Amino acid sequence: MKKIKAYISETRLWVFLAVVLMIIIAVVVIFKKAENAEEIPYEKNRKTVAALEKADISETENALKDLEGQDEQSGSRKEVRDTVELKRAFQNAVILGDSFSESIVEYGFLDTDVVLYKRGLSVGQADDLVDTAVLLRPTAVFFVFGTNDMEICEGDSQKFIEAYRRQIARLKAGLPDAAVYINSILPATKEAVKETPSYAYCGQFNEALQAMCQEDGYTYVDCSFLIEGKDGIYEPDGIHVIKSYYPAWLSYLADTAGL
């Protein structure tokens, strides 16, 4: 009987020791996993830092510049504003131009107290419009000329620029603090160029406008992207554009001027 009790006691002891050993092993395994879990992100971060140290800083700077450029482009092409928003934006501005600007009023986007125009007008003939603009006291003035000038100036871009500078000087004499924005000339269709060859000078005249703005400190507004890849954007004459162009154009002008 004593032997049996001794055997049972010894068995219990071994079972107890086995359980303790299993608990110790389990604890060791758990702590080991915890250590590995901490080492993994550390090792990953260490490798990342090492890779960054080896990276060419010029490539990083170039990538950042590319992103900034994308932001600027997306920022310059915001959503098209509705008529109410456009009228609010241009309430302290004036647009000077020819029949191209006339359509702004005809379609009801802006009123005649903002858009001053005359059909067939060249910038050299815009004295009356400039005088009226001075009387209105706007903080921003948009010039929209060139289509008629290409024919009137017979392709002479320098003559065109001289007339432009004269009108801007007259405006600034009366409105020295007004911001001046020069709109690019939209190209005519191939069919329109065949009928009126002087329209082929569009690129040359736009380059002259851009150079003038850079030299004199005015803002050149290139709107060519608004018609790129868009079929049916022109009226049958191949010179003027359809109604849907105008809110996009005016929104872009307002965004450019911060209106």
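To be clear, the structure that these remarks concern was listed above.
Residues numbered from 1 in each chain as written. Predicted model: local features only at pLDDT ≥ 70, side-chain atom pairs only at ≥ 80, totals over all residues. Heavy atoms only, no water.

**Student:** How would you explain the sheet that holds strand β5 (residues 219–221) if you had to name every residue and give the values?
**Tutor:** Spatial ordering of the open sheet is given by β2-β1-β3-β4-β5, a layout of 5 strands whose pairing is parallel. The sheet is open, and its two edges are formed by β2 (115–117) and β5, each paired on a single side. Between one strand and the next, the sheet's axes are offset by a mean angle of 20°, whatever the strand orientation. By the bridge criterion, 3 bridges tie strand β4 (residues 179–183) to β5 in an arrangement that is parallel. Paired with Asn183 across the two strands is Val221, which belongs to β5. Where helix α4 (residues 99–106) meets the sheet, its contacts fall on β1 (93–97), β2 and β3 (140–144), and the angle it forms with β2 comes to roughly 135°. Sitting on the sheet, helix α5 (residues 127–136) is in contact with β1, β2 and β3, with an inclination near 175° to β1. (Pairing = 2+ DSSP bridges. Helix = DSSP H or I, 4+ residues; strand = E, 2+ residues; numbered from the N terminus. Axes fitted to C-alpha atoms, helices over the stretch in contact; angles between N-to-C directions. Contact = heavy atoms within 4.5 Å.)

**Student:** Tell me about helix α7 (residues 157–174), residues and numbers included.
**Tutor:** With 18 residues, α7 extends 26 Å from end C-alpha to end C-alpha; this agrees with the ideal 26 Å at 1.5 Å per step. In this structure, the buried residues of α7 make contact with α5, β3, α6 (147–152), β4 and α9 (202–216). With a side-chain oxygen positioned 3.1 Å from the backbone nitrogen of Gln158, the residue opening α7 is Asp156. (Expected span 1.5 Å × (residues − 1). Polar contact = N/O pair within 3.5 Å; in protein donor to acceptor, adjacent residues only side chain to side chain.)

**Student:** Pulling in residues and values, what's your account of the nonpolar core?
**Tutor:** Of all hydrophobic cores here, the largest spans 36 residues; its most connected members are Leu96, Phe143 and Tyr164. Of all elements in the fold, only β1, α5, β3, α7, β4 and α9 reach the threshold of two or more residues within this core. Contacts of Phe143, omitting those with residues within four sequence positions, involve Leu96, Val130, Tyr164, Gln167, Ile168, Leu171, Val180, Tyr181, Ile182 and Asn183. In this structure, Ile95, Ile104, Phe109 and Ala140 belong to the second largest nonpolar core, which totals 32 residues. (Core = buried A, V, L, I, M, F, W, Y, C linked by side-chain atoms within 4.5 Å. Buried < 20%, exposed > 50% of the residue type's maximum accessible area, 1.4 Å probe, protein only.)

**Student:** I'd like to hear about the pairing of β4, residue by residue, with values.
**Tutor:** β4 sits mainly inside the fold: 4 of its 5 residues count as buried. Pairing between β3 and β4: 4 bridges, direction parallel. Among the inter-strand pairings, Phe143 is bridged to a residue of β4, identified as Ile182.

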